[in-house]
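# Structural features, examined
The primary structure of each chain is shown beneath.
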Amino acid sequence: MDWNFISEYVPMYIQAAWTTLSLAFWGILLSLFIGLFCSLTLYFKVPVLKRVTAAYVELSRNTPLLVQLFFLYFGLPKIGIVISSQSCAIIGLAFLGGSYMSEALRSGLESVEKGQVEAALSVGLNQGQIVRYVILPQAVSVSVPPLCANIIFLIKETSVFSVVALADLMYVAKDLIGLYYKTDEALLLLVLSYLAILLPISIAASVLERRVRYAGFGN
Amino acid sequence: MQDLGIRVLLEGNNMIRLLDGLWVTVRISLLAVVISIVMGILLGMVMTLKNPVTKALTRIYLEFIRIMPQLVLLFLIYFGAAKAFNIHISGELSAVIVFTLWGTAEMGDLVRGALISIPKHQYDSSAALGLTGIQIYRYIIIPQTLRRLIPLAINLVTRMIKTTSLIVLIGVVEVLKVGQQIIEASRYTAPSAALWIYGTVFFLYFIVCFPISKLSGKLEKRWQN
């Protein structure tokens, strides 16, 4: 191990980790919105939209992010749609994540009993209020464990961002291996960086899961 | 321009080459899945033991494999192990090793979950009947766990196939790489080939994974109770 080399390149990894994290943040945020929208259309069985959403969910769940990114980044410019690397990464992650989030939220929505909605109707809440005050709070508490799992999954998926010419952690590691043949050092830093990102999130997720377990009604 | 692009797919044996590339991906995932299922069942059984040492070891293994992106694991084997032990591991072999390690961890956790979901009285009453440890598993526990396990294991196959797309990044010639070769070869004759080729690859993955995930969902629903 060449410790000088390691200390020299730590800042590069930190910067790359920062790139990964900020893209992951926007991608995940967007995927939560897409997921919420999709799960609500599926839950309320909105006529035409329901089919479109179902097709989208199947399409995005059954294809790898890598292939989606290739299509977005190398395929679409051929018909005049040029997207920057960053937007590509965010769109790709949101396209993939949206369906996973939708499934997670839908399982939560479906766990809310019919009696809850009926009771809400009988006290005179309108449709919007029922969703906002009755269904969502209960559904989200059930959905938290799968949502957390999806967030971790999506952060892990960001490791393919290097294919759309983004200097993420994988890119830096591969670069250092190629340039200096410092394989051990580069890989050690790579593993440590991902541990530094994912370990706290995974621990926070399990703490959060334990806390919201009591939020459900009647338990 | 665009009709030129779609022609590339049908030219020569391009479509056959793409399918051959897809087969490389599918073959690696199937091989890894088969080994992972066998090893995962063993791992899952070990994980239910009360021994603190095996508990700690399997836990560390599981957490490490699950927290690392699969691409990092591929790099560790393909670049790291090659240098550390001074051996050459081909891209395909490292893919099988990595996906087996990963699949074993995932499968092990599924098996453990299925095993502990079996009520304790099932173990107790079979022990009371005088069955040995092996007999308890063979006749009582395994048949019940299989029903919970099979849909999840099938689902693992689709996850494995999707994840295997990463092997292009360690230099294995699979469907994406073949697609790139075709695009490069027809750069001047069909400039818009990339759209059609990558679109085709996208749908090829969908066509492979969709039926498998549908099957898994259907079995899960049917065997719920």
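Everything below is about the structure shown above.
Below, the structure is looked at part by part. (Residues numbered from 1 in each chain as written. Chains lettered and ligands numbered in written order. Predicted model: local features only at pLDDT ≥ 70, side-chain atom pairs only at ≥ 80, totals over all residues. Heavy atoms only, no water.)

What chain A contains, in helices and strands, is 8 helices and 0 strands. Beginning at the N terminus, the succession of helices and strands in chain A can be written as α-α-α-α-α-α-α-α. Each of the three principal axes of chain A carries a C-alpha extent, and together these read 70 × 45 × 25 Å. Classification of the 219 residues of chain A by burial places 47% in the buried group. Residue pairs at least 24 apart in sequence account for 78% of intrachain contacts in chain A once pairs closer than 6 positions are excluded. As displayed, chain A has an accessible area near 10800 Å², and 65% of this comes from carbon and sulfur atoms. With 14 positive and 13 negative side-chain charges, chain A shows a separation of 11 Å between the mean positions of the two kinds. (Helix = DSSP H or I, 4+ residues; strand = E, 2+ residues; numbered from the N terminus. Buried < 20%, exposed > 50% of the residue type's maximum accessible area, 1.4 Å probe, protein only. Contact = heavy atoms within 4.5 Å. Areas by Shrake-Rupley, 256 points an atom, 1.4 Å probe, with all protein chains shown as cover. Lys, Arg positive; Asp, Glu negative; His and termini not counted. Charge placed at Lys NZ, Arg CZ, Asp CG, Glu CD.)

Moving on to the layout of surface pockets. Of the volumes computed, that of the second largest pocket is approximately 420 Å³. Around the second largest pocket, the lining is made up of 15 residues, and of these M47(B), T48(B), L49(B), K50(B) and I116(B) lie nearest the centre. (1 Å grid on protein atoms, 1.4 Å probe; cavity = no way out; pocket = protein on both sides within 12 Å on 5 of 7 lines; lining within 4 Å. Points joined across faces, edges and corners; volume = space filled by probe spheres on them.)

In this section: the packing of aromatic side chains. What characterises a pair of aromatic rings is the spacing of the ring centres plus the angle enclosed by the ring planes. Overall, the coordinates contain 18 aromatic pairs over all chains when judged by the stated rule. An angle of 75° between the planes, with centres 5.1 Å apart, marks the rings of F25(A) and W26(A) as edge-to-face. Considering the side-chain rings of F71(A) and F202(B), the 6.2 Å spacing of their centres and the 35° angle between planes classify their relative orientation as tilted. Here F202(B) lies in helix 9 (residues 193-222) and F71(A) lies in helix 3 (residues 65-75), a pairing that spans two chains. Exposure remark for F71(A): the relative accessible area of 24% places this residue in the partly exposed category. Of the residues examined, F202(B) reaches a relative accessible area of 9% and is grouped as buried. Following the ring pairs from residue to residue traces out a cluster consisting of F70(A), Y73(A), F74(A) and Y198(B). Lying across the ring of Y100(A), R61(A) places its NZ or CZ 4.6 Å from the centre. Lying over the aromatic face of F5(A), K182(A) brings its terminal NZ or CZ to 5.7 Å of the ring centre. (Phe/Tyr/Trp six-rings, centres within 6.5 Å; stacked < 30°, edge-to-face > 60°. Lys NZ or Arg CZ within 6 Å of the ring centre and 35° of its normal.)

Let us look at the interface of chain A and chain B. The interface of chain A with chain B comprises 36 residues on the first partner and 36 residues on the second. Taking both sides of the interface into account, the surface hidden between chain A and chain B amounts to around 3400 Å²; carbon and sulfur atoms contribute 76%. Along the contact surface separating chain A from chain B lie 1 salt bridge. Between K214(B) and E58(A) there is a salt bridge, with its nearest N and O atoms 3.1 Å apart. Within the residue set of the side of chain A that touches chain B, elements represented by two or more residues are helix 2 (47-61), helix 3, helix 4 (85-111), helix 7 (169-180) and helix 8 (183-212) of chain A. (Buried area = accessible area lost by both parts, 1.4 Å probe. Salt bridge = Lys/Arg side-chain N within 4 Å of Asp/Glu carboxyl O.)

All names here are of chain A. Relative to each other, helix 7 and helix 8 sit at 170°, their axes nearing to 8 Å. In terms of orientation, helix 7 lies roughly antiparallel with respect to helix 8. For the pair helix 7 and helix 8, the contacting residues are L169, M170, A173, L176 and I177 in the first and T183, A186, L187, L190, S193, Y194 and I197 in the second. Taken together, the residues of the contact of helix 7 with helix 8 break down into 10 nonpolar, 2 polar and no charged. (Axes fitted to C-alpha atoms, helices over the stretch in contact; angles between N-to-C directions. Parallel < 35°, antiparallel > 145°, perpendicular 65-115°, else oblique. Nonpolar A, V, L, I, M, F, W, Y, C, P; charged D, E, K, R; others polar.)

Our next topic: a nonpolar patch on the surface. On the surface, L31(B), I35(B), V38(B), M39(B) and L42(B) cluster together into a nonpolar patch covering about 440 Å² of accessible area. By the element assignment, M39(B) lies in helix 2 (residues 14-47). (Patch = residues over 30% accessible without salt bridge, like charges linked within 9 Å, V, L, I, M, F, W, Y side chains within 5 Å.)

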